Amino acid sequence: MSAHLALIRQLASRNERSPVHTRQLYSVLSETAGLTAWLYVDVDDRANARRHYQLAVHAADRSGHPLLLAYMQASLGQFAANCGDAREAVQIVASARRALPRSAPAISTVWMDAIESLALAEAGDKKSLHLLNHAEDRLAKARNDEPVWPWIFRFDHQKLASFRAQVASKLDQPSLASRALSIAASGPAQSPKTKALSDVLRAQILAKSGRLDEACNIACEAFDAGKKYESEKILQSVSRFRESLGGRAGKLTLDLDERLYGRYQEDR
């Protein structure tokens, strides 16, 4: 991926091409940098992920495509929120909204609402739940719309419920989070990595509800998936979940602790 990215950057920087061709190359560069950033997120390399998201935003700006710029800025905002940088995330999403033209597809504003709600919840702001309700109203009107590049995915009620589960968990509302997570899981089968991350969130919700035994068992399953698919993001998420328990789970964490300790043992 790094070699492809370097090649596209080199091609985009040449001056002999037409302005139209150059803008197209910057569009490709932006999407390639965004994908590279996503891959760095999976290995929990935040510094490189941030750097490549910034490159994606810069290239999108050079492409002259307002939808692509807004998309990449919002992606950077989501990354910031997931890193715990709530204030920065809110500011970045605000910039992304300003980049959106009035003719932007409805799905883009729904996604913006969802990401902004995540950032607000990270800051402990309960307005995030009202923003999600707003997003749900917009989604009801846009559910039959065809995806518009760069929003090539469909944003359905299950995806919105996934955001609601994360927001509710951050706001210490485990009952709401649990209901939302059930809705999120009712859609098409999730990829193994996505399911594992969802399981870590479920473990957090169960722990907040006092169901520590179930929470630890689910966290162990998520860890095993992270190990199988070599996802440092999943493994770190499980590790942070374990740290949140402290000593209140007693012996219930023994299996989980053994797995986490095993990460530092030499493979045989």
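Description of the structure in this document. (Residues numbered from 1 in each chain as written. Predicted model: local features only at pLDDT ≥ 70, side-chain atom pairs only at ≥ 80, totals over all residues. Heavy atoms only, no water.)

## Examining the overall build of the chain
Next, step 1: Along the chain, the regular secondary structure elements total 13 helices and zero strands.
Next, step 2: Put simply, the chain runs from its N terminus to its C terminus through helices and strands in the order α-α-α-α-α-α-α-α-α-α-α-α-α.
Next, step 3: Projected onto its principal axes, the C-alpha positions of the chain cover 65 × 50 × 35 Å.
Next, step 4: By residue count, 45% of the 268 residues in the chain fall in the buried class.
Next, step 5: In the chain, once contacts between residues fewer than 6 apart in sequence are set aside, the share between residues at least 24 apart is 61%.
Next, step 6: Of the side-chain charges in the chain, 37 are positive and 31 negative, and the distance between the mean point of each set is 5 Å. (Helix = DSSP H or I, 4+ residues; strand = E, 2+ residues; numbered from the N terminus. Buried < 20%, exposed > 50% of the residue type's maximum accessible area, 1.4 Å probe, protein only. Contact = heavy atoms within 4.5 Å. Lys, Arg positive; Asp, Glu negative; His and termini not counted. Charge placed at Lys NZ, Arg CZ, Asp CG, Glu CD.)

## Quick look at helix H4 (residues 66–82)
Next, step 1: The end-to-end C-alpha distance of H4, which contains 17 residues, comes to 24 Å, matching closely the 24 Å that a straight helix rising 1.5 Å per residue would cover.
Next, step 2: Across the 17 residues that make up H4, a large majority, 14, are buried.
Next, step 3: With its phi angle positive at about 90 degrees, Gly84 sits one or two positions after the end of H4. (Expected span 1.5 Å × (residues − 1).)

## As for the environment of Ser95
Next, step 1: Residue position: Ser95 is located in helix H5 (residues 86–99).
Next, step 2: Separated by 18 residues in sequence, Ser95 and Gly77 have C-alpha atoms that sit 9.4 Å apart.

## Thoughts on the side chain of His52
Next, step 1: In this fold, His52 is placed in helix H3 (residues 46–63).
Next, step 2: Looking at His52, the relative accessible area reads 6%, which means it is buried.
Next, step 3: Discounting chain neighbours no more than four positions away, the residues touching His52 are Leu5, Ala33, Thr36, Ala37 and Tyr40.

## Regarding the pattern of salt bridges
Next, step 1: The full count for this structure, using the stated rule, is 14 salt bridges.
Next, step 2: With its nearest N and O atoms 2.9 Å apart, the salt bridge here joins Glu214 to Arg211.
Next, step 3: Overall, Glu214 belongs to the partly exposed group, its relative accessible area being 38%.
Next, step 4: Among the ionic contacts, a cluster of salt bridges with common partners joins Arg97, Asp113, Glu116 and Arg138. (Salt bridge = Lys/Arg side-chain N within 4 Å of Asp/Glu carboxyl O.)

## Considering the packing of H5 against helix H6 (residues 106–122)
Next, step 1: Direction vectors running N to C along H5 and H6 enclose 160 degrees, while the axes themselves pass 8 Å from each other. Taken together, H5 and H6 sit at an angle that is classed as roughly antiparallel. Once H5 is placed against H6, the crossing between them reads as left-handed. In this structure, H5 uses Ala86, Ala89, Val90, Val93, Ala96 and Arg97 to contact H6, whose residues at the interface are Thr109, Met112, Asp113, Ile115, Glu116, Ala119, Leu120 and Glu122. (Axes fitted to C-alpha atoms, helices over the stretch in contact; angles between N-to-C directions. Parallel < 35°, antiparallel > 145°, perpendicular 65-115°, else oblique. Left-handed = near helix turned anticlockwise from the far one by under 90°.)

## Notes on the nonpolar core
Next, step 1: Among the nonpolar cores identified, the biggest contains 59 residues, and Trp151 and Phe155 are the most heavily contacted of them.
Next, step 2: When residues of this core are assigned to their parent elements, the largest contribution, eleven residues, is made by H4.
Next, step 3: Leaving out residues up to four positions away in the same chain, Phe155 has contacts with Ile107, Val110, Trp111, Ala114, Leu139, Leu160 and Phe163.
Next, step 4: Formed by 22 residues, the second largest nonpolar core is a distinct cluster that contains Ala196, Cys216, Cys220 and Phe241. (Core = buried A, V, L, I, M, F, W, Y, C linked by side-chain atoms within 4.5 Å.)

## Quick word on the packing of helix H8 (residues 157–170) against helix H9 (residues 174–184)
Next, step 1: Look at H8 against H9: their axes get within 7 Å of each other, and the N-to-C directions meet at 155 degrees. As judged from the angle between their axes, H8 and H9 are roughly antiparallel. For the element pair H8 and H9, the recorded crossing hand is left-handed. Taking contact as the criterion, the partners of His157, Gln158, Ala161, Ser162, Arg164, Ala165, Ala168 and Ser169 in H8 are, on H9, Leu176, Ala177, Ala180, Leu181, Ile183 and Ala184.

## As for the side chain of Ser27
Next, step 1: Note on placement: Ser27 falls in helix H2 (residues 19–42).
Next, step 2: We classify Ser27 as buried; its relative accessible area is 13%.
Next, step 3: The residues contacting Ser27, other than those within four sequence positions of it, are Ser63, Leu68 and Trp149.

## Regarding a nonpolar patch on the surface
Next, step 1: Together, Leu35, Trp38 and Leu39 give the surface a local cluster of nonpolar side chains, amounting to about 300 Å² of exposed area.
Next, step 2: One can find Leu39 in helix H2.
Next, step 3: Residue Leu39 is classed as partly exposed on the basis of its relative accessible area, which comes to 37%. (Patch = residues over 30% accessible without salt bridge, like charges linked within 9 Å, V, L, I, M, F, W, Y side chains within 5 Å. Areas by Shrake-Rupley, 256 points an atom, 1.4 Å probe, with all protein chains shown as cover.)

## Some thoughts on the packing of aromatic side chains
For any pair of aromatic rings, the description rests on two quantities: the centre-to-centre distance and the angle between the ring planes.
Next, step 1: Inspection of the entire model under this criterion finds three aromatic pairs.
Next, step 2: Between Phe155 and Phe163, the aromatic rings sit 5.9 Å apart at their centres with planes inclined by 40 degrees, giving tilted as the arrangement. With respect to class, Phe155 is no different from Phe163; both count as buried. (Phe/Tyr/Trp six-rings, centres within 6.5 Å; stacked < 30°, edge-to-face > 60°.)

## Overview of the environment of Leu132
Next, step 1: Mapping Leu132 onto the fold places it in helix H7 (residues 127–142).
Next, step 2: Here Leu132 is in contact with Ala114, Ser117, Leu160, Phe163, Arg164 and Val167, once residues within four sequence places are set aside.

Bear in mind that shape data such as this cannot, by itself, settle questions of function.
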